[in-house]
Every structure is written in structure tokens, then in C-alpha cells.
2 protein chains.
Amino acid sequence: MKLLEERILKDGQVYPGSILKVDSFLNHQIDVKLLNAIGEEIKRLYADCGVNKILTIESSGIGIACITAQFFDCPVLFAKKTKTKNIANAVYKTSVKSFTHGTVYDVIVSKDFLNKNDKVLIIDDFLAEGNALIGLIDLCRQAGAEVVGCAIAIEKGFQPGSSRIRELGVRVDSLAVIDSMEDGEIKFR
Amino acid sequence: MKLLEERILKDGQVYPGSILKVDSFLNHQIDVKLLNAIGEEIKRLYADCGVNKILTIESSGIGIACITAQFFDCPVLFAKKTKTKNIANAVYKTSVKSFTHGTVYDVIVSKDFLNKNDKVLIIDDFLAEGNALIGLIDLCRQAGAEVVGCAIAIEKGFQPGSSRIRELGVRVDSLAVIDSMEDGEIKFR
């Protein structure tokens, strides 16, 4: 997606350790117009898939998921990273290892909101190792829901996430795939 | 806001300890159409205030903030609850006590995205004790930004949050104010 690639080149910042900061427009400050363009493109890709629910994970996927859901006219469900008092015990749970923080955390969704009638599009801002998305796929499969695909804003194509997800038999579409970030220079696939 | 009150009566669940669960449409599963109606109402309330930034806090405020930002044609900034590796040191920081979890956590925003030229509308899903919003107001004031007001979906009117915020000289608008939830019966103001 040209608009997103141009924005990454203009405002993204590359740090040592293959860290790409896009927090001026995607995951701290959010450019809602850009999110609308992303949502429109995701709708084009998944127009005929019968999507009736969008699943993401807190926090930085929520904005993209909500804006995109407007194009699909369906609800958003966001998986929570910790168990809160306000959620009853009837949850699907999986464990996810954070690439960014080096920790393992539980991810839950209420059983009330995910079931075998759902055709789920999973959305997130980033795909690198793929651990969060694999966790979300696991939650869907526990619920008997169908995962129609994973739509991602930015993929680090030099990390194994998309391959790991496709090995699970799940479609992956990343709107911008970065092949390398050597010496601070971003190259797209 | 009648539509929101009706939805709370239809789908909200009251639990002991004045806990109101609205996770079927507001803060776990999200009804994006309802969020659009909420955004439109917030725009009506703050149409003439020169809002150029919407500030919220992760996670459950992000959806409302992003949908509402479409009506204001401005970016969203969401404050983060923990310091991540991906954020540089140049942050404004404040401490917030969680009413739900009984813990104290740090909240940060990058100094890059909040400054004295900003006219900030703060948005959140819930207002009870007001601690999170007071923290967000503190972040804005550290940055020299003007807070034009706080727009909230649901206020527990029997808790002191809105009074505490008004004592700081900040306008508060809650789209649904609950006066009592005794014996599971929700009464609006």
C-alpha cells in the first residue's frame, strides 16, 4: 500500500535491533485518516469473505480494528492481556511471548463474544515474530470460529511471523512489508 | 444520550460492588455503530472549541477516541500505562491509581506529541473516581497544552470523579450518567 509505505519512509524511525518506531502516526499518536485508508484497503482485500467479526489485541491494534470495522459493518473484539476483575471466568485463554518486552503474558477473550458462527478477520498494527497473532488464532480455534485471515499494517518481512501463520493454514495480508532496515535504510518488498 | 442509555439498560450487567459490565458493546466487544453515534454527539458538544488533538488512555478509550477523531479531523494520542522499550525517554509521566485493580501505575506520553499549541479533548469510556482523567489532565498541563474538556461515555454519578475534575477547572460531559445501581436497577440522572 503505497500511502502507508510513503508514510513509513517520511515519519518512521529506525533504531538498532531492527526496531521501527511509527509512533507519530500508528501506535501512540494515531493518524485517523491514514487508518481510514488502511481500513478501505483491508475491506478491498477481504470484501467477499463473509467477515462478521474483527479480532485484535490491546492496545495498538484497537484503533485500526475499529476504523476498519466501519467498512465491514461488524463488531470489534479485542483480546485482553491480563485478567481483570471485570471479566467473568468464562474466557478462552492463551499465552503469548512478547518480542518487544521479552515476557510471557496471558491473553483472554470472553466466551460470550466468540463462537463457531464467527468468521473472524484478525487485525494488528505489526507482524514480526507472529506470537500475538498465533495466540489470537488459537483463541479463535478454541471457540470453533473460522479465521478468514490476518490483515496487518506493517510486517517485518525478515522475521518469520507470516511464514509461521501461513503454516497454520491462515491467510496473511500485510499492507507494507519491510525486507530490510540495514543502516537505517528501509527497503520494502 | 438516549441511544447509549437504552443500550446500557438492554445489554449492561450490574454486579455487586457497583460494577457495571458493558463489555458486550463498549470495552471488550465494541459496537462501532454505537461509537459513531457517540462520536457525533461529542462533536456536537465540542464543535466550536478548536480541538486539534484527542487524548485517551489505553486500552478501552482508544476505540471511542479514534472513531470520534474522524468528526474532528484531528489525530488521537493515547497515553501508555507502562514504559516500553519502543518509547524514548522524552516523555511526560504521571501516576494513576486504578479503582478497578487497586494498583498504582505510571502513565506516559511522548513529549513529541503534546505541546503548548494543542487544544486537547480528553476522551474515555468510563468516569468513576476520575483518577485516569486527572492523570491525563496532568500530562496536558505538564506539556502546556490546553484541556478543552473531558468527554466520557458512561459516568458513575455517585462517585466523585466529575466533581474532582471540575475542581481542576476542566469541563466534563458524560453522555450517560448513572445515579444509582441499587438491586441491579440502573437509574440515570
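See the structure shown above.
A brief structural summary. (Residues numbered from 1 in each chain as written. Chains lettered and ligands numbered in written order. Predicted model: local features only at pLDDT ≥ 70, side-chain atom pairs only at ≥ 80, totals over all residues. Heavy atoms only, no water.)

**So, the environment of B:I54**
Here's step 1: Within the element layout of this structure, B:I54 appears in strand β4 (residues 53–57).
Here's step 2: By relative accessible area, which is 0% here, B:I54 ends up buried. (Helix = DSSP H or I, 4+ residues; strand = E, 2+ residues; numbered from the N terminus. Buried < 20%, exposed > 50% of the residue type's maximum accessible area, 1.4 Å probe, protein only.)

**Quick word on the sheet that holds strand β10 (residues 172–180) of chain B**
Here's step 1: If you walk across this open sheet you meet the seven strands as β3(A)-β5(B)-β4(B)-β8(B)-β9(B)-β10(B)-β11(B), and the pairing is mixed. Either end of the sheet is taken by a strand with one partner, and the two such strands are β3 (29–30) of chain A together with β11 (187–188) of chain B.
Here's step 2: For β10(B) and β11(B), the ladder comprises two bridges, and the chain directions are antiparallel. Within β11(B), the residue paired with B:S180 across the bridge is B:K187.
Here's step 3: In the packing of helix α2 (residues 32–45) of chain B onto the sheet, contacts are made with β8 (119–127), β9 (146–156) and β10 of chain B, and the angle to β10(B) comes to roughly 115°. (Pairing = 2+ DSSP bridges. Contact = heavy atoms within 4.5 Å. Axes fitted to C-alpha atoms, helices over the stretch in contact; angles between N-to-C directions.)

**A closer look at the packing of aromatic side chains**
Here's step 1: For the coordinates displayed, the defined rule picks out zero aromatic pairs over all chains.
Here's step 2: Lying over the aromatic face of A:Y46, A:R171 brings its terminal NZ or CZ to 3.9 Å of the ring centre. (Phe/Tyr/Trp six-rings, centres within 6.5 Å; stacked < 30°, edge-to-face > 60°. Lys NZ or Arg CZ within 6 Å of the ring centre and 35° of its normal.)

**Comments concerning the interface of chain A and chain B**
Here's step 1: Counting from both sides, the interface comprises 40 residues of chain A and, opposite them, 39 residues of chain B.
Here's step 2: Interface of chain A and chain B: buried area, both sides summed, is about 3400 Å²; carbon and sulfur atoms make up 57% of it.
Here's step 3: The interface formed by chain A and chain B includes two salt bridges.
Here's step 4: For A:K33, the salt bridge identified is with B:D73, shortest N-O distance 3.3 Å. (Buried area = accessible area lost by both parts, 1.4 Å probe. Salt bridge = Lys/Arg side-chain N within 4 Å of Asp/Glu carboxyl O.)

**Re the side chain of B:E155**
Residue and element names in this part refer to chain B.
Here's step 1: Within the secondary structure, E155 is located in strand β9.
Here's step 2: The side chain of E155 sits in the buried core without any salt bridge; R189 is the nearest counter-charge, 4.7 Å away.
Here's step 3: Setting aside anything within four residues of it in sequence, one finds E155 in contact with L127, S162, S174, A176, V177 and I178. (Lys, Arg positive; Asp, Glu negative; His and termini not counted.)

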